[in-house]
Amino acid sequence: MGKKNKAAKRLARYLAEAQQEVLNREIISKQTAEALYKLCLPILPEYIDDSQECDLVGREIVFKMGITAWNLAVTGRQLRIDSVFQQARLSPDEQRMIRQEIIELVDRKNRQYPELRFTIEDFQLTQEAGSVNLTVRLGQEMPPPVVPDMFLLTSEPEIVSPASMPGIPETLRSRRKAKGLSQIKLAEVLGVSVKKISAWEHGKSVPTAEEQKKLDAFI
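Quick caveat, the model's predicted, so the values are computed rather than measured.

Attention now goes to the packing of helix H4 (residues 92-112) against helix H7 (residues 194-201). Packed helices, taken two at a time, are described by the angle between their axes plus the distance between the axes. Running from amino to carboxyl end, H4 crosses H7 at an angle of 55°, the nearest separation of the two axes being 10 Å. One element, H4, and the other, H7, form an angle in the oblique class. Crossing of H4 over H7 shows left-handed handedness. Side by side, H4 and H7 meet where Asp93, Glu94, Met97 and Ile98 of the first sit next to Lys195, Lys196, Ser198 and Ala199 of the second. Residues that form the contact of H4 with H7 fall into these classes: 3 nonpolar, 1 polar and 4 charged.

Next up on the list: the nonpolar core. Grouped together as the largest cluster of nonpolar side chains are 33 residues, with contacts concentrated most on Leu36 and Trp70. Where this core is concerned, the elements lending two or more residues are helix H1 (2-40), helix H2 (44-47), helix H3 (56-75), H4, strand E1 (118-128) and strand E2 (131-141). Sort the elements by how many residues they give to this core and H3 lands first, with 9 residues. Leave out the neighbours within four places in its chain, and tryptophan 70 touches Thr32, Ala35, Leu36, Leu39, Lys109, Tyr113, Leu116, Phe118 and Ile120. Membership of the second largest hydrophobic core comes to 9 residues, among which are Leu172, Ala187, Val192 and Phe218.

The next thing to look at is the packing of aromatic side chains. Following the criterion strictly, the structure yields 3 aromatic pairs and no others. Among the aromatic residues, those joined into a ring-pair cluster are Tyr37, Phe63 and Phe123. A cation sits over an aromatic face here: lysine 109 above tryptophan 70, 4.7 Å from the ring centre.

Moving on, we come to helix H6 (residues 183-190). Among all positions in H6, only Gln183, Leu186, Ala187 and Leu190 are buried. Each buried residue of H6 sits inside an arc of 105° when the element is viewed along its axis, so together they form one side. Summarising the geometry of H6, the exposed residues directed more than 90 degrees from the buried face are Glu188 and Val189. Positioned one or two residues after H6, glycine 191 has a phi angle of 75°, which is positive.

This next bit is on helix H8 (residues 209-218). When we look at burial in H8, the residues that qualify are Glu211, Leu215 and Phe218. All buried residues of H8 lie within an arc of 60° about the axis, which places them on one face of the element. Facing away from the buried side of H8, by more than 90 degrees, are the exposed residues Ala209, Glu210, Lys213 and Ala217.

The rules behind each value
- Residues numbered from 1 in each chain as written.
- Predicted model: local features only at pLDDT ≥ 70, side-chain atom pairs only at ≥ 80, totals over all residues.
- Heavy atoms only, no water.
- Axes fitted to C-alpha atoms, helices over the stretch in contact; angles between N-to-C directions.
- Helix = DSSP H or I, 4+ residues; strand = E, 2+ residues; numbered from the N terminus.
- Parallel < 35°, antiparallel > 145°, perpendicular 65-115°, else oblique.
- Left-handed = near helix turned anticlockwise from the far one by under 90°.
- Contact = heavy atoms within 4.5 Å.
- Nonpolar A, V, L, I, M, F, W, Y, C, P; charged D, E, K, R; others polar.
- Core = buried A, V, L, I, M, F, W, Y, C linked by side-chain atoms within 4.5 Å.
- Buried < 20%, exposed > 50% of the residue type's maximum accessible area, 1.4 Å probe, protein only.
- Phe/Tyr/Trp six-rings, centres within 6.5 Å; stacked < 30°, edge-to-face > 60°.
- Lys NZ or Arg CZ within 6 Å of the ring centre and 35° of its normal.
- Arc of directions from axis to C-beta.

Following this line, the structure appears as structure tokens:
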């Protein structure tokens, strides 16, 4: 009888520990989703347009970048950033802009959420009562990494800083807002992509000679 009691106690303890582990993982999952959302929040306006309806596609793009950056930060891996674009049809300017976004997201993750150490395997966006909810599926818990001090590149040129194109970011942004245009509408006017407008306004790329003529006419 004593052996049966001990076995029952061991089983009960095992089940309690397993249940607690599930609860702990659910808590961490919610914390991670909230942190990922906050991490991506500063760049969301650059990629979404809710003027007609909730832009889930734009949000998916941003959170995919965020998860890429999150997993880089958590694992401490160095990565050839160009490999991120292998399945996407992006221009060199768009690749350059997104590369810079990912690098900045990695840096913010390391500074703001160093204690959250699970990788993110997947995410889901749902709409409810006019709001968008983000949930994530966690992967492995990782030990504190050695933070990579660089991202390996192929022959991709250096990121263009705002100083190399003085006045354009501030002037373009202020003129666009003065005319009441969104980045999407301005992109249509100039015949370029929205991402390119965002890159110009943030000083992350420079316009070509032909694009510069259109900009001069707009400004």
